[in-house]
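# Working through the structure, step by step
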Amino acid sequence: MIQTSRLILRELTTDDAPFMLELLNSPGWLTYIGDRNVHNVEDAKKYITERNIPSYQKYNFGFYAVVRLEDQAVIGTCGMAQRDFLDDPDIGFAFLPQYTGKGYALEAAQAVMNYAQQELGIKKIFAFTLPINGPSIRLLEKIGLRNAGTFNIPDDPEDLLLFVKEIE
């Protein structure tokens, strides 16, 4: 568990399925990340069970539920993934639309970066985003990642921007 002044980041569980269903079908997710074919709570439970929980077990990190301390509302996800095609993890974040523009994503992403460096000893972090996703680009730059050019995920023709930070 990671805590900031306003947030707790904790591992996702199948109890978070209703939240994940809403997040994975939110306009921002569908536009900038893509349809994951999660259309009901059972699909969301399967998504968490197959994608999130194994990452915690295998890498000791993953994407975390971002919980607002003031009311315990789950407002988004933030964390890291270890991709087969990269040597180092990449950071990512997604928030329900009603919680964007309030600094939560920046606060959560900074906390994940600190955790990666201080607790996990990670020396390099990547990130990907679509060139049209200005808010994500600005956030990645604020947490110290630099644009390293375009990148294509294997078997995906879409051009993404690759960001990277070397951690001392």
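Starting from 1, residues in each chain are numbered consecutively following that chain's sequence as written. Totals for whole chains, interfaces and linings use all residues, but because this is a predicted model, local features are given only for residues with pLDDT of at least 70 and pairs of side-chain atoms are given and counted only at 80 or more. Computation of side-chain values covers all heavy atoms of the structure but excludes hydrogens and water.

Every patch collects residues that have over 30% relative accessible area and no salt bridge, joining them within 9 Å if they carry like charges and within 5 Å if they are nonpolar side chains (Val, Leu, Ile, Met, Phe, Trp, Tyr). Each accessible area is a Shrake-Rupley estimate made with a 1.4 Å probe; only the visible protein chains count as cover when residues are assessed. The term salt bridge refers to a pairing of a side-chain nitrogen on Lys or Arg with a carboxyl oxygen on Asp or Glu at a separation within 4 Å. Counted as positive: Lys and Arg. Counted as negative: Asp and Glu, with His and the chain ends omitted from the count. Where a charge lies is defined by one atom per residue type: Lys uses NZ, Arg uses CZ, Asp uses CG and Glu uses CD. Taken together, Asp155, Asp156, Glu158 and Asp159 make up a surface patch of like negative charges. Position of Asp156 relative to the elements: it lies in the loop between β7 (146-151) and β8 (160-166). By definition, any uninterrupted DSSP run of H or I lasting at least four residues is a helix, any uninterrupted run of E lasting at least two residues is a strand, and each is numbered from the N terminus.

Turning to helix α3 (residues 41-59), a few remarks are in order. Here α3 spans 26 Å end to end across 19 residues, near enough to the 27 Å set by a 1.5 Å rise per residue. Bend at a residue means the angle formed by two fitted axes: the first through the 7 residues ending at that position, the second through the 7 residues beginning there. Where α3 bends most, the angle comes to about 30 degrees, and this point is Thr49. For α3, the set of buried residues is Ala44, Tyr47, Ile48, Asn52, Ser55 and Tyr56. Buried residues along α3 sit in contact with β2 (7-11), α1 (17-24), α2 (27-32), β3 (63-68) and β4 (74-81). Definition of a polar contact: a pair of N or O atoms within 3.5 Å, with one able to donate and the other able to accept a hydrogen when the atoms are protein atoms, and with sequence-neighbouring residues admitted only if both atoms are side-chain atoms. The N-cap of α3, judged by a side-chain oxygen 3.1 Å from the amide nitrogen of Glu42 a few residues on, is Asn40. Just past α3, the residue Asn60 takes up positive phi, approximately 70 degrees. In a helix, the anticipated span is given by 1.5 Å times the number of residues less one. Exposure is judged per residue with a 1.4 Å probe applied to protein chains only, and the accessible area is read against the type maximum: over 50% gives exposed, under 20% gives buried, and values in between give partly exposed. Any two residues whose heavy atoms approach within 4.5 Å at even a single point are treated as in contact.

Each Phe, Tyr or Trp ring, with Trp reduced to its six-membered ring, pairs with another whose centre is within 6.5 Å; inter-plane angles below 30 degrees give stacked pairs, above 60 give edge-to-face pairs, and intermediate values give tilted ones. This structure, assessed with the given rule, holds 5 aromatic pairs. Put simply, the rings of Phe85, Phe128 and Phe151 touch in pairs and so form one group of aromatic residues.

On to the nonpolar core. Across soluble globular proteins, nonpolar side chains have a tendency to be buried as a group. We call a set of buried residues a nonpolar core when its members are Ala, Val, Leu, Ile, Met, Phe, Trp, Tyr or Cys and they connect through side-chain atoms within 4.5 Å of each other. If you look at the biggest cluster of nonpolar residues, it comprises 51 residues, and the most contacted ones within it are Leu9, Met20 and Ile91. If you tally residues by element for this core, the top one is helix α4 (residues 104-118), at 8 residues.

Turning our attention to the packing of α1 against α3. Two quantities define a packed helix pair, namely the angle between the axes and the distance from one axis to the other. Where α1 contacts α3, the axes come no closer than 8 Å and their chain directions differ by 95 degrees. If you check the angle between α1 and α3, you find them roughly perpendicular. On α3, the residues touching Ala17, Pro18, Met20, Leu21 and Leu24 of α1 are Val41, Ala44, Lys45, Tyr47, Ile48 and Asn52. Only Asp, Glu, Lys and Arg are considered charged in this grouping, and only Ala, Val, Leu, Ile, Met, Phe, Trp, Tyr, Cys and Pro are considered nonpolar; every other residue, Gly among them, is considered polar. When the residues that make up the contact of α1 with α3 are grouped by side-chain class, the tally is 9 nonpolar, 1 polar and 1 charged. For helices, the fitted line uses only the C-alpha atoms of the stretch in contact; every axis is such a line through C-alpha atoms, and the angle between N-to-C directions lies from 0 to 180 degrees. Orientation labels follow simple angle bins: below 35 degrees gives roughly parallel, above 145 gives roughly antiparallel, 65 to 115 gives roughly perpendicular, and whatever is left gives oblique.

Our next topic: the pattern of salt bridges. Per the counting criterion, the structure on display carries 6 salt bridges. Across the pair Lys45 and Glu42 runs a salt bridge, and its minimum N-O distance is 3.7 Å. Here Lys45 pairs with Glu42, and both are found in helix α3, just 3 residues apart, close to one helical turn. Of the residues examined, Glu42 reaches a relative accessible area of 53% and is grouped as exposed. Here Asp71 makes a salt bridge to Arg68, at a shortest N to O gap of 2.5 Å.

So, on to a nonpolar patch on the surface. A contiguous nonpolar patch, built from Tyr32, Ile33 and Ile132 and spanning about 280 Å² of accessible area, is present on the exposed surface. With respect to the helices and strands, the residue Tyr32 is situated in helix α2.

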